[in-house]
Structures are given as structure tokens and as C-alpha cells.
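Geometric and topological summary
Below are the chains, spelled out letter by letter.
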Amino acid sequence: MANVQADGQWYPPEWPDRIRALTDGSLTPVVPKRAATVMLLKDTDTGAGPVVHMLRRRTSMAFAGGAYAYPGGGVDPRDDDRHVSWAGPSRTWWAERLGVDETVAQAIVCAAVRETYEEAGVLLAGPTPDSVVGDTTGDDWEADRAALVARETSFAEFLDRRGLVLRSDLLGAWTRWITPEFESRRYDTWFFVAALPEGQRTRNASTEADRTVWITPREAAAGYDRGELLMMPPTIATLRQLMEYDTVAQALAGAPERDLTPVLATARLEEGRIVLSWPGHDEFTQHIPNTPSAPSAASTPSTPSAPSTPSAAVSPVVPDVPDDSNVPNGGAAV
């Protein structure tokens with residue numbers, strides 16, 4: 001069972017042993033898989049700023065069960081084996097922005113759009129370079145979505161058959177996080193922002209999620225701070241970053257200026273304890289006992305603002321937020 005900080009940070013119990021193995025050279029890091037995740041945003045008329053679409057991973061999941069995240073997943077090898085119908089900035093532009101070559105850039109952008117469709121039913125594509133599809137909830141759309149999830153068809157084939165072009169201009173690259181070297185499942189994940197297209201609506205299309213919500217970044221961050229919403233560091237970090245924007249347009253306009261230097265956790269031994277930190281994100285620093293036994297949930301983060309009393313973080317609850325997702329189907333999450 002995962003340990004949880006008082007503020008809701010997910011804490012895998014096997015980390016201490018794996019960190020020790022990494023530091024003494026007995027653990028060889030797994031090569032991370034490329035992945036993408038998308039923070040779907042929409043404006044509200046409440047004056048509280050935009051809301052973001054989040055899903056809660058089923059508590060039965062071995063990895064981050066019960067944690068809140070965004071739609072996303074790994075790159076399909078076929079995402080980079082052929083050119084897809086494309087609109088928006090060129091592959092050369094995306095390659096420079098993402099810090100990869102053009103083939104990898106296409107794969108990452110395709111993964112972002114494809115996974116958003118697979119997990120949320122939202123498709124960032126249109127019949128022309130300046131249009132976007134409307135309602136995607138019909139039976140024929142669902143059949144196509146299921147075929148993508150099952151990898152029975154590639155995303156490029158899906159777009160070609162539908163006569164659609166991928167709207168890369170609807171995405172804004174936001175940040176990049178790499179799973180720590182001591183983890184057994186590692187991902188090199190690019191986070192994107194996008195506005196919910198007019199006429200489309202989200203739904204829970206992932207078998208790995210038991211609920212989805214639209215929630216303001218401020219409300220979600222407050223739930224994390226109270227220990228009510230379980231999240232991993234990249235999720236709460238991006239929520240805090242989104243809090244400064246009053247509209248979706250502002251967030252999208254700010255994306256091109258964001259630093260995409262990868263965030264990778266480091267671990268070191270200090271006074272008989274393991275110090276785990278994420279560069280540039282001091283709130284996640286953890287001091288873990290350097291003993292073979294798994295640490296308890298009482299391990300305290302270095303930030304002085306963490307609540308002193310733990311709450312129901314192991315069985316997180318979510319505020320009463322309007323949820324327009326009600327159709328559980330297959331999918332895959334980061």
C-alpha cells in the first residue's frame with residue numbers, strides 16, 4: 001500500500017529500498033518511455049478562473065491508485081512511423097520546442113492528441129486546418145476510439161479515414177517531467193495545455209479511472225494541501241502553475257514561454273537519511289529513514305507549510321464539482 005504525506009502526496013513504499021539500491025550501484029535505471037499528457041481547460045462564468053479536467057485513477061491500480069491526474073499515456077510506436085495529416089506549427093518547430101528530433105516530436109504531439117481522445121473523448125482535430133470536429137459521442141466515433149485503445153488502428157490511419165487533420169496549434173507545451181531513476185516504471189512525459197473545443201464534452205472513457213471532474217486549479221490544490229486529493233508531484237506542481245491565469249486564453253498564451261527543461265528527482269544520503277528532491281520544486285523534498293523497513297506516512301516533507309495533521313488522503317474525496325463524464329470505457333493513463 002502506498003504511503004501518503006499529510007498533504008496528499010503519493011509515496012510508494014518501495015522507494016527507500018530502490019533508492020538505496022540506486023545509490024550503491026546495484027540498481028540499473030530503466031530507460032523511460034516517451035509519454036504525453038494534456039491539461040484540458042475551459043472558462044467559467046463564476047469569476048474563479050478556468051477549470052481543468054482531471055481523472056482519478058482507480059484505487060485498485062498498482063501504480064498511483066486513487067491519485068488524480070490528467071488524460072495521457074505513452075507514445076504508440078506507430079505515432080512516428082509515418083506523417084500524419086497536420087495543421088499548425090511545423091514538425092521542425094515542435095522538434096525545437098520539445099528538444100527532440102522531428103520524428104519524435106510528431107510522436108509526442110500525436111500521443112497527446114490521441115490519448116486525450118482515448119481517455120476523455122475529446123479530439124483536437126478537424127476537417128480543415130482551421131476547424132475542429134464537434135460532437136464525438138456517436139456510436140461510430142466510439143467504435144473508432146475503442147479501436148485506437150486496442151491498437152487495432154493507428155492514429156494516422158484513423159485521421160486519414162475520417163479525413164481529419166491534427167490541430168497541433170491547439171496545444172501548448174507546458175512542462176516536462178521524467179520519472180525518477182529508482183522507479184521500475186519510468187516515463188519521459190511532456191505536459192500540454194489545450195482548450196476544450198466548442199461543441200465537445202469530456203467523459204470518463206478510461207478503464208483506469210473511476211471518476212473525472214472539472215475543477216479549478218486553486219480548488220484542486222487546496223484539496224491536495226488538506227490531504228483530501230491524492231496527487232503525484234507533477235500534477236500538483238502544474239496545478240499551482242495554472243493558478244496564476246484568469247482565463248484559458250491567458251494560459252495558452254503563456255505556454256510558449258515556459259521552460260521545458262526536464263524535472264528529474266535526485267536522491268542523496270545526508271546524516272543517515274535519504275533526501276529526495278525535485279529541482280525547482282522544494283515542496284516535494286522528502287527525508288526518508290535510511291533503513292530497510294518501509295517508511296511510514298508520518299515522513300515529513302521539508303516545506304513548513306505542510307499540514308501537521310493527516311487527513312483522509314488514503315481514501316481521497318473530491319469536492320462537489322459538476323462532472324459531465326459518465327461513460328466508462330477503455331483507455332490508458334500515464
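Residues numbered from 1 in each chain as written. Predicted model: local features only at pLDDT ≥ 70, side-chain atom pairs only at ≥ 80, totals over all residues. Heavy atoms only, no water.

**Quick look at helix α5 (residues 155-162)**
- Considered for burial, the residues of α5 that qualify are F155, A156, F158 and L159. Looking straight down α5, one finds its buried side chains confined to an arc of 160°; they lie on one side.
- Packing partners of the buried residues in α5 comprise α3 (102-120), β8 (125-126), α4 (139-149) and β9 (165-167).
- One or two positions beyond α5, positive phi appears at G163, with a value near 70°. (Buried < 20%, exposed > 50% of the residue type's maximum accessible area, 1.4 Å probe, protein only. Helix = DSSP H or I, 4+ residues; strand = E, 2+ residues; numbered from the N terminus. Arc of directions from axis to C-beta. Contact = heavy atoms within 4.5 Å.)

**As for the confidence of the model for the chain**
- Looking at the chain as a whole, the pLDDT averages 82, with 79% of positions reaching at least 70.
- The least confident element of the chain, judged by mean pLDDT, is strand β1 (residues 3-4) at 51; the most confident is strand β10 (residues 172-178) at 98.
- With pLDDT under 50 throughout, residues 294-334 is counted as low confidence; its partners more than four residues away or in other chains account for 119 contacts. (pLDDT = per-residue confidence, 0-100.)

**Digging into the sheet that holds strand β14 (residues 266-270)**
- Taken together, 3 strands build an open sheet; the order of strands is β14-β15-β16 and the sheet is antiparallel. Edge positions in the open sheet fall to β14 and β16 (281-289), since each of these has one partner strand only. Shown here is a sheet whose adjacent strand axes are inclined to one another by a mean of 25°, direction ignored.
- Bridge analysis of strand β15 (residues 273-278) against β16 gives 5 bridges, and the strand direction is antiparallel. In the sheet register, W278 faces β16, and the bridge partner there is H281.
- Taken strand by strand, helix α7 (residues 233-242) contacts β15 and β16, and its axis lies near 155° from that of β16. (Pairing = 2+ DSSP bridges. Axes fitted to C-alpha atoms, helices over the stretch in contact; angles between N-to-C directions.)

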